[in-house]
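Listed below, chain by chain, are the residues.
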Amino acid sequence: MSKKWKYKDIDKWGPGRHEPGGTIPESGTAEDYKTGGWRTERPVRDQEKCNDCMICFFACPDSAIRVENGKLVDIDLGHCKGCGICAQVCPRDAIKMEDETRARKEEEKV
Ligand code: SF4
Ligand code: SF4
């Protein structure tokens, strides 16, 4: 039996109000929660090598490979957890995993 959650004030909940294992108040909310923050490596795609075969798109467990009109357009780093599966399955060696801390430092310089 499903349980209806009232969670408008969830930010004020202390640890005692959460269910063991966490609270998922409704379905279909994964997009709303950025879960890539604890990634230690990030995938970086070489556009020259990529032929948009979409193997990485189907293999990514977090649906973090973004596709538009049959082309790989982006990797959603807000949701990518850095598992490296995309780099492993790519037949053209077009994705390299790079150190996340170093990548963030480089971004800060720009
Ligand atoms: S590293 Fe993992 S989560 Fe991130 S895009 Fe690749 S397959 Fe998806
Ligand atoms: S698996 Fe490799 S070649 Fe295929 S779409 Fe992904 S990055 Fe491009």
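A brief report on the enclosed structure follows.

Analysis parameters
- Position numbers for residues start from 1 in each chain and track the written sequence from start to end.
- Chain letters start at A and ligand numbers start at 1, both assigned in the order the entries are written.
- It should be noted that, the model being predicted, local features are given only for residues of pLDDT at least 70 and side-chain atom pairs only at 80 or more, the latter also being counted only at that level, while totals for whole chains, interfaces and linings use all residues.
- With hydrogens and water stripped out, all remaining heavy atoms of the structure feed into the side-chain values.
- Near is defined per residue: the residue qualifies when any heavy atom it owns lies within 4 Å of the molecule or strand.
- Three categories are distinguished: nonpolar for Ala, Val, Leu, Ile, Met, Phe, Trp, Tyr, Cys and Pro, charged for Asp, Glu, Lys and Arg, and polar for the others, with Gly belonging to the last.
- Only residues whose relative accessible area exceeds 30% and that form no salt bridge are eligible for patches; like-charged ones are grouped when within 9 Å, while nonpolar side chains (Val, Leu, Ile, Met, Phe, Trp, Tyr) are grouped when within 5 Å.
- All accessible areas in this document rest on Shrake-Rupley with a 1.4 Å probe, and a residue is counted as covered only by the protein chains that are shown.
- Any carboxyl oxygen of Asp or Glu that lies within 4 Å of a side-chain nitrogen of Lys or Arg is treated as forming a salt bridge with it.
- For helices the rule is a DSSP run of H or I covering at least 4 residues; for strands it is a run of E covering at least 2, with both sets numbered from the N terminus onward.
- The cut-offs for exposure are 20% and 50% of the maximum accessible area for each residue type, with area from a 1.4 Å probe on protein chains only; residues under the lower value are buried, those over the upper are exposed, and the others partly exposed.
- Here a residue-residue contact requires only that any non-hydrogen atoms of the pair lie within 4.5 Å.
- Within 3.5 Å is the distance limit for a polar contact, defined as a pair of N or O atoms, with the added protein rule that one can donate a hydrogen and the other accept it, and that residues adjacent in sequence qualify only through two side-chain atoms.
- By nonpolar core is meant a set of buried Ala, Val, Leu, Ile, Met, Phe, Trp, Tyr and Cys residues that side-chain atoms within 4.5 Å join together.

Describing the site of ligand 1
Next, step 1: Every one of the 14 residues lining ligand 1 counts as a neighbour, but Cys 60, Cys 80, Cys 83, Gly 84 and Cys 86 are closest to it.
Next, step 2: For the shell around ligand 1, a count of residues per class yields 10 nonpolar, 2 polar and 2 charged.

Overview of a nonpolar patch on the surface
Next, step 1: A cluster of nonpolar side chains, Ile 55, Ile 85 and Val 89, forms an exposed patch at the surface whose accessible area comes to about 190 Å².
Next, step 2: By the element assignment, Val 89 lies in helix α2 (residues 85–89).
Next, step 3: Classification of Val 89 by relative accessible area gives partly exposed; the value is 31%.

What to know about the environment of Arg 92
Next, step 1: When you line up the elements, Arg 92 lands in the loop between α2 and β4 (95–99).
Next, step 2: In sequence terms Arg 92 and Cys 53 are 39 residues apart; their C-alpha atoms lie 9.5 Å from each other.
Next, step 3: For Arg 92, the residues in contact, after removing those within four places along its chain, are Lys 49, Cys 50 and Asn 51.

Focus: the site of ligand 2
Next, step 1: Near ligand 2, the surroundings consist of Arg 45, Cys 50, Asn 51, Asp 52, Cys 53, Met 54, Cys 56, Leu 72, Cys 90, Pro 91, Arg 92 and Ile 95.
Next, step 2: Classifying every residue of the shell around ligand 2 gives 8 nonpolar, 1 polar and 3 charged.

A word on the side chain of Glu 100
Next, step 1: Mapped onto the elements, Glu 100 comes out in helix α3 (residues 100–109).
Next, step 2: According to the relative accessible area criterion, Glu 100 is buried, its value standing at 2%.
Next, step 3: In terms of polar contacts, Glu 100 uses its side chain to reach the side chain of Arg 104, at 2.7 Å.
Next, step 4: Not counting residues up to four positions away in its chain, the partners in contact with Glu 100 are Arg 39, Thr 40, Glu 41 and Arg 42.

Section: the nonpolar core
Next, step 1: Grouped together as the largest cluster of nonpolar side chains are 11 residues: Met 54, Cys 56, Cys 60, Ala 64, Ile 65, Leu 72, Ile 75, Cys 80, Cys 86, Ala 87 and Ile 95.
Next, step 2: Those elements that provide at least two residues to this core are β3 (71–75) and α2.

Considering the side chain of His 79
Next, step 1: Relative to the elements of secondary structure, His 79 occurs in the loop between β3 and α2.
Next, step 2: With a relative accessible area of 7%, His 79 lands in the buried category.
Next, step 3: Within the structure, the side chain of His 79 is placed 3.3 Å from the backbone oxygen of Ala 30, a separation counted as a polar contact.
Next, step 4: In this structure His 79 touches Ala 30, Glu 31, Tyr 33, Lys 34, Thr 35, Gly 36, Asp 62 and Ala 64, once residues within four positions along its chain are discounted.

Some details on the pattern of salt bridges
Next, step 1: Here the structure, examined in full by the defined rule, presents 11 salt bridges.
Next, step 2: Two residues, Asp 52 and Lys 71, come together in a salt bridge whose shortest N-O distance is 3.8 Å. Taken together, the residues Asp 52 in the loop between β1 (41–45) and α1 (55–59) and Lys 71 in strand β3 connect sequence positions 19 residues apart.
Next, step 3: Measuring nitrogen to oxygen at the nearest pair gives 2.9 Å for the salt bridge that ties Asp 93 to Lys 96.
Next, step 4: Residue Asp 93 is classed as partly exposed on the basis of its relative accessible area of 40%.

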